[in-house]
Structures are given as C-alpha cells and as structure tokens.
Amino acid sequence: MTITPQPGIMEIELYQSGASKIEGVSDVVKLSSNENPHGPSKRALDVFRQSAGELHLYPSTDHASLREAIGEVQGMDPAQIVCGVGSDEIISFLCYAYAGPGDEVLYTEHGFSMYRISALAAGATPVVAPETERTTDVDKLLAAVTERTRLVFIANPNNPTGTMIDEVEVARLADGLPEGCLLVLDGAYAEFVDGFDAGKAVIDARDNVFMTRTFSKIYGLGGLRIGYGYGPQDIVDTLNRVRGPFNLSVPALKAAEAAMRDVGYTDWCRAENARMRGWMERELQAMGVALDPSQANFVLARFEDQAKAQAVDAHLKTKGLIVRMVAGYGLPNCLRITVGTEAACKRVIVAIKEVL
C-alpha cells in the first residue's frame, strides 16, 4: 500500500537557511541570516539562565505575561495578541485557519519563502504578484486578486529587498481587497525603522488586516524561536484554536518578555544598525554596486550579472565571510549582506573591493 501525502505537500521545496560554516576556515563571520550581531539584551540573557530551575514545569498556555509586556511596549491590547514559535508559526496558523483547497494565497515576487510553503501545506494555491523595482506594488497585487484569494502577505520592510511602502499604500491595499480576504503585514524587520508602527494604525481602523512580528531579528532571540501576531479579536481567537497549548517554552517566554521590556537596548541596536548600514551602502555605491536604500538590517547588493555575484560570494568565503545568495528569490545577480558588527562590515567591504 502507498501512503500518499495531501495535495501540495510534495510541491514544497525545503527551506534553505543561511550557511554557517566554511570548510577549512575557522574564523567565520555569518552574515547570511539577518541575525542581530550584538545578541540579545543582558536582561534577556539573565532571565534565560535563571529559568533553568523551571525546566521541569510546563509553560503557561495563555502567554499572558509576555502578551502584557508586548502590549505595554507596543501600545497593543494584549487580548489581541497571539504568540507562536517565531512569526513562521503564526504565518502557518493563518494559512491553516483561512486557506485550503480551492483557495489562493497571494504574495509579492520577492516575498518570504514561508508564504508559499505554508500555503501549500494548507492545500491552498500560492499566487505571485510582480513587484516594481523590487518594491511592493499595490496596483499589481490588487490586479492579481480573484474571488478565490483568501490571504495576501506583504513583508514591510521586505526580505530580501529591504524596501517598504508607506502607511497610505498599505491602507489602499487593505481597502481594495474584497470581503473575506485578509491582508497580513509581516513586520519581521519593522523595529529597524525608527518610529514605525508596522501598520498598527491601519489594523486598528479595519477588520481585514493582521500583522506578524518576531523576536528573531532586532531582539536577538532567533535561537529560541518566538514570534507573535496582532489584529482583530476574532482572528486571534481563531488562531488560538489551532495553536498548540504549550507551543512556547518557559525560557523562551521569559527571555522574550525581558527583551521586549529592555527598550533602551532595542533603541541602541536600531541606531547601531542604521549607522553601519548607511556606511556599507555608501561604500558599496562608491564601488559602483547598485542597491536600493534598505530599511532593514541587511543590504541587497546588485551586481552586473549572476557570474559576478557568484565570484564575489566565492571570494568572501575565502575570507571567512558568509553572505546570502538569493537566486531562489528571483534575484540571481544579488547578494544579501546582513549588517554585522563594525569590524565585520569593514571586512566585507575590503573583500568586495579586492574583487571589483
């Protein structure tokens, strides 16, 4: 007897994470996964260590303390927050709850690969809308919407392009969607934009917009896998029905709460990222490398062709520097370079100059 998976499952291409090792090289700097090079705050590390004495206990099922901290810092109603294993799990919950066979999940051409993966896992059909100059195009998204569209995902700022659209355009997209279609704003990189609410104002004024957020980027907790979603109460209630009761561990919950409350450290990380990102952009442009101004914690360097991008990538590896080839995102001539420490950024620029 043949055991056959559900339709769509075998169409999923396994997610490729950023490499972390180079054969024969010991002094490796990983700039391929958009991690915070400064790590989590000291407060988060302290409570993580202290939680070791509670490993025999089940975590809370309602994540009340973490939701309260998020609500206080972000100005959100804790009742409208749902927590998950990274924002990836929230994306999956949304697809499981609102899309299935016969439905379509829409996203932009250079959008996060988990949109496609989660859509297929739910049995839905992934649909891609073109971007304009590597930026979300509201008109092209709306043109791709059909009577079968149930979810529309946009990352703002987007990964791997680093570009974003403003609140007016987000609102125009939300208002242009048909009834029964949910707009999801992926805010994984929202904290890197000074004064940006990640679309909260748009959400609070409507019932068809939801956001996902993560602790893996600016908060430096990628290894603990923590994220959350915010939006209309009925959507949060629905997602909690498909969420596992103990999906987050005690150390993860405590570390995330401490990280969220350490606003001073988050502000410092944002400022430091902006400083080194701006420096890298200026250095790359001076070498003739094309790029769009990034709003995230990485830059997308565009070379003349795929061969040049591969040559630069190969040379960086000889120097112990790992960046990200993004051909899988439809950008074969590009390298996505995470903004690292000042020393790491300078090593990257020196190495690229040696090639160009």
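Residues numbered from 1 in each chain as written. Predicted model: local features only at pLDDT ≥ 70, side-chain atom pairs only at ≥ 80, totals over all residues. Heavy atoms only, no water.

Caption draft 1: Structural view of the overall build of the protein chain. In terms of helices and strands, the protein chain carries 12 helices and 12 strands. Its C-alpha atoms give the protein chain a radius of gyration of 20 Å, within 12% of the compact-globule value 21 Å for 356 residues. With the C-alpha coordinates of the protein chain rotated into their principal frame, the extents come out at 55 × 55 × 50 Å. A total of 356 residues make up the protein chain; the buried ones form 54% of that total. Taking contacts inside the protein chain between residues at least 6 apart in sequence as the whole, the part at least 24 apart equals 73%. In the structure as shown, the protein chain presents an accessible area of about 15,400 Å², 51% of it carried by carbon and sulfur atoms. Averaging the positions of the 34 positive and the 46 negative side-chain charges in the protein chain gives two centres separated by 6 Å. (Helix = DSSP H or I, 4+ residues; strand = E, 2+ residues; numbered from the N terminus. Rg over C-alpha atoms; globule rule 2.2 N^0.38 Å. Buried < 20%, exposed > 50% of the residue type's maximum accessible area, 1.4 Å probe, protein only. Contact = heavy atoms within 4.5 Å. Areas by Shrake-Rupley, 256 points an atom, 1.4 Å probe, with all protein chains shown as cover. Lys, Arg positive; Asp, Glu negative; His and termini not counted. Charge placed at Lys NZ, Arg CZ, Asp CG, Glu CD.)

Caption draft 2: Focus on the sheet that holds strand β12 (residues 331-338). Taken in spatial order, the three strands line up as β9-β12-β11 in an open sheet, and their pairing is antiparallel. Of all strands in the sheet, those with a lone pairing partner are β9 (298-302) and β11 (324-326), marking the two edges. With direction set aside, neighbouring strand axes in the sheet form an average angle of 30°. With respect to the sheet, helix α11 (residues 306-318) is in contact with β11 and β12, its orientation differing from that of β12 by roughly 35°. (Pairing = 2+ DSSP bridges. Axes fitted to C-alpha atoms, helices over the stretch in contact; angles between N-to-C directions.)

Caption draft 3: Representation of the layout of surface pockets in the model. Computed from the structure, the largest pocket encloses a volume of approximately 570 Å³. In terms of lining, the largest pocket is formed by 25 residues, of which the most central are Glu 13, Gln 16, Ser 113, Gly 328 and Tyr 329. At the level of elements, α4 (113-121), α11 and β11 are the ones that each hand at least two residues to the lining of the largest pocket. Along the wall of the second largest pocket there are 24 residues; nearest its centre are Tyr 15, Ser 33, Phe 112, Lys 217 and Arg 225. Element by element, the count of residues in the lining of the second largest pocket is highest for helix α3 (residues 86-98), at three residues. When the residues that make up the lining of the second largest pocket are grouped by side-chain class, the tally is five nonpolar, 11 polar and eight charged. (1 Å grid on protein atoms, 1.4 Å probe; cavity = no way out; pocket = protein on both sides within 12 Å on 5 of 7 lines; lining within 4 Å. Points joined across faces, edges and corners; volume = space filled by probe spheres on them. Nonpolar A, V, L, I, M, F, W, Y, C, P; charged D, E, K, R; others polar.)

Caption draft 4: Structural view of the nonpolar core. Ranked by internal contacts, the top residues of the largest apolar core, which has 53 residues, are Leu 66, Ile 70, Leu 106, Leu 183, Phe 215, Ile 226 and Tyr 228. At seven residues, the largest contribution of residues to this core is made by helix α9 (residues 250-261). Within the second largest apolar cluster, 30 residues are counted, among which are Phe 112, Ile 235, Val 236 and Val 326. (Core = buried A, V, L, I, M, F, W, Y, C linked by side-chain atoms within 4.5 Å.)

From the geometry alone we can't say anything about function, so treat these as descriptive.
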